[in-house]
Amino acid sequence: MSLNLKYGVQLPAGLSRDASCVREVQLRPLTGEDEAFLLETGETLSAAARVTALLWRCIVRLGADEAVSPETVRSLTVGDREALLLHLRRITYGDRMPCVVTCPREGCGERMHLELLVSKLLLAPYECPQDWRGVSFDVDEKRYRVRMRVPNGLDQELLAERAQTDATEAENLFLCRCVESVSAEDAKLLAIEELPPELTDKIARKIAAWDQQAEILLSLECPTCSHAFIAEFDPGAYLYQELRGHIPYLYREVHQMARSYHWSEAEILGLTPKKRSVYLNLLAGEDVIG
């Protein structure tokens, strides 16, 4: 019953392997099995761990590797993981993403109905250093030399766990994992807790510039109060909420299709949401077979 659909997509940053950059990925659409997984297991995972689990289930091939492990998915940059989530949403449900954004201006709160396009949110490939790289920053007439890298999925998972208890500790963990060393002009090495706030801010902005797909920002203006603001779009959160909205109907659909077509639960859950909807629409005009 499985359709074995595969779609070729390209990573914006790519995975460094043997002095080369692997960008080619094959994805399959989400199926009822993935929706059932979220129902039964996904709720217990952090958002970052849920992304890892979902991508691991749906990545068919990464470069020449057909045996993609969770560790490989965790090694992808944040931007590549965001891009894969967008591709996964597009091949499963389509390019158009309806959403609602609330105006943040005090006293307004206007609900703005938007329709985003996956194709407009995806970036072209770019160079993204995943290994340690030295960068110089000038802060208060002092020059600092920093060796750092962009964060990956494992960093996201560890930071999510730490952020549940202490946001400040999560920020320190981010610096400890993604900054190998910091030295001042006198070559003195500085501990993370010694870094000037302006320097940590510049480090974060440099990382964001390196991995551009990692943060999707929407420039919006409220039609009611004309307030201009920036809203962040989170593909993982959007897809998860969308899937959660389908879950209450999932087993009802399985029940209806099993009674009518006498297919097993595994066969029905192996179908994509689009394919299930085709059969359900056909059944809508027919009597259910006992």
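Model, not experiment: these values are computed from the prediction. (Residues numbered from 1 in each chain as written. Predicted model: local features only at pLDDT ≥ 70, side-chain atom pairs only at ≥ 80, totals over all residues. Heavy atoms only, no water.)

**Q** Where do I start with the overall build of the protein in this structure?
**A** Looking only at helices and strands, the protein features 11 helices and 10 strands. When the backbone C-alpha atoms are referred to their principal axes, the protein occupies close to 80 × 55 × 35 Å. When burial is assessed residue by residue, the protein has 44% of its 290 residues classed as buried. At a minimum sequence separation of 6, the contacts of the protein that also span at least 24 residues come to 63%. Here the protein contributes 33 positively and 45 negatively charged side chains, and the mean placements of these two sets differ by 3 Å. (Helix = DSSP H or I, 4+ residues; strand = E, 2+ residues; numbered from the N terminus. Buried < 20%, exposed > 50% of the residue type's maximum accessible area, 1.4 Å probe, protein only. Contact = heavy atoms within 4.5 Å. Lys, Arg positive; Asp, Glu negative; His and termini not counted. Charge placed at Lys NZ, Arg CZ, Asp CG, Glu CD.)

**Q** Sorry if this is basic, but what is going on with the pairing of strand β2 (residues 20–27) here?
**A** Pairing between strand β1 (residues 7–17) and β2: seven bridges, direction antiparallel. If you follow Arg17 over to β2, its bridge partner there is Ser20. In this antiparallel pair of consecutive strands, β1 and β2, the connection spans two residues, and Asp18 shows a positive phi of 50°. Bridging between β2 and strand β3 (residues 59–62) involves three bridges; their strand directions are antiparallel. Within β3, the position partnered with Gln26 by the bridge is Arg61. (Pairing = 2+ DSSP bridges.)

**Q** Explain the sheet that holds β2 to me, please; I cannot follow it from the model alone.
**A** The pairing of strands in a sheet happens through backbone hydrogen bonds and is either parallel or antiparallel. Strand order in the open sheet formed by three strands is β1-β2-β3, with antiparallel pairing between adjacent strands. On the outer flanks of this sheet lie β1 and β3, each paired with one strand and no other. Averaged over all neighbouring strand pairs, the angle between strand axes comes to 25°, with direction disregarded. Against the sheet, helix α2 (residues 47–58) makes contact with β2 and β3, and its axis sits at roughly 80° relative to β3, the strand it touches most. Its contacts with the sheet place helix α4 (residues 78–93) against β1, β2 and β3, and it is angled at close to 170° to β1. (Axes fitted to C-alpha atoms, helices over the stretch in contact; angles between N-to-C directions.)

**Q** What is the right way to read unusual backbone geometry from this model?
**A** Glycine aside, residues mostly have negative phi, and peptide bonds are mostly found in the trans state. Look at Glu141: it is not a glycine, yet its phi comes out positive at around 65°. Take Glu141: it is sitting in the loop between β6 (133–139) and β7 (142–148). Take Glu141: its relative accessible area is 80%, and that puts it in the exposed class. Non-glycine residue His262 carries a positive phi angle of around 60°. Positionally, His262 belongs in the loop between α9 (235–261) and α10 (265–269). For His262, a relative accessible area of 57% translates into the label exposed.

**Q** How should the sheet that holds β7 be read in this particular structure?
**A** Spatial ordering of the open sheet is given by β6-β7-β8, a layout of three strands whose pairing is antiparallel. A strand with exactly one partner marks an edge of an open sheet, and here the two such strands are β6 and β8 (179–183). Geometrically, the sheet is characterised by an average inter-axis angle of 25° between neighbouring strands, direction not taken into account. Here helix α7 (residues 167–178) sits on the sheet and contacts β7 and β8; the angle it forms with β8, its principal contact strand, is near 85°. The strands touched by helix α8 (residues 197–210) are β6, β7 and β8; relative to β6, the strand with the most contacts, the crossing angle is about 135°.

**Q** Whenever I open this one, α9 confuses me. Can you help?
**A** The sharpest bend along α9 measures roughly 45° and falls at Pro248. A distance of 3.0 Å separates the backbone nitrogen of Gly236 from a side-chain oxygen at the start of α9, and that oxygen is part of Asp234. His262 sits one or two residues past α9 and shows a positive phi near 60°. (Bend = angle between axes of the 7 residues up to and from the residue. Polar contact = N/O pair within 3.5 Å; in protein donor to acceptor, adjacent residues only side chain to side chain.)

**Q** Just to check I follow, could you spell out the environment of Ala49 for this structure?
**A** The residue Ala49 is located in helix α2 in this model. Distance from Ala49 to Gly153, taken between C-alpha atoms, is 8.3 Å for residues 104 residues apart in sequence.

**Q** Help me understand the pattern of salt bridges, please; the structure alone is not making it clear to me.
**A** When charged atoms on two side chains of opposite charge get close, those side chains can pair. Tallied over the full model, the rule gives 17 salt bridges. Glu180 is the salt-bridge partner of Arg147, the closest N and O atoms lying 2.6 Å from each other. Placement of the pair is Arg147 in strand β7 and Glu180 in strand β8, with a sequence separation of 33 residues. Using a relative accessible area of 32% as the deciding quantity, one classes Arg147 as partly exposed. A single salt-bridge network, built from bridges that share partners, covers Arg28, Asp34 and Arg57. (Salt bridge = Lys/Arg side-chain N within 4 Å of Asp/Glu carboxyl O.)

These results come straight from atomic positions and should not be treated as a statement about function.
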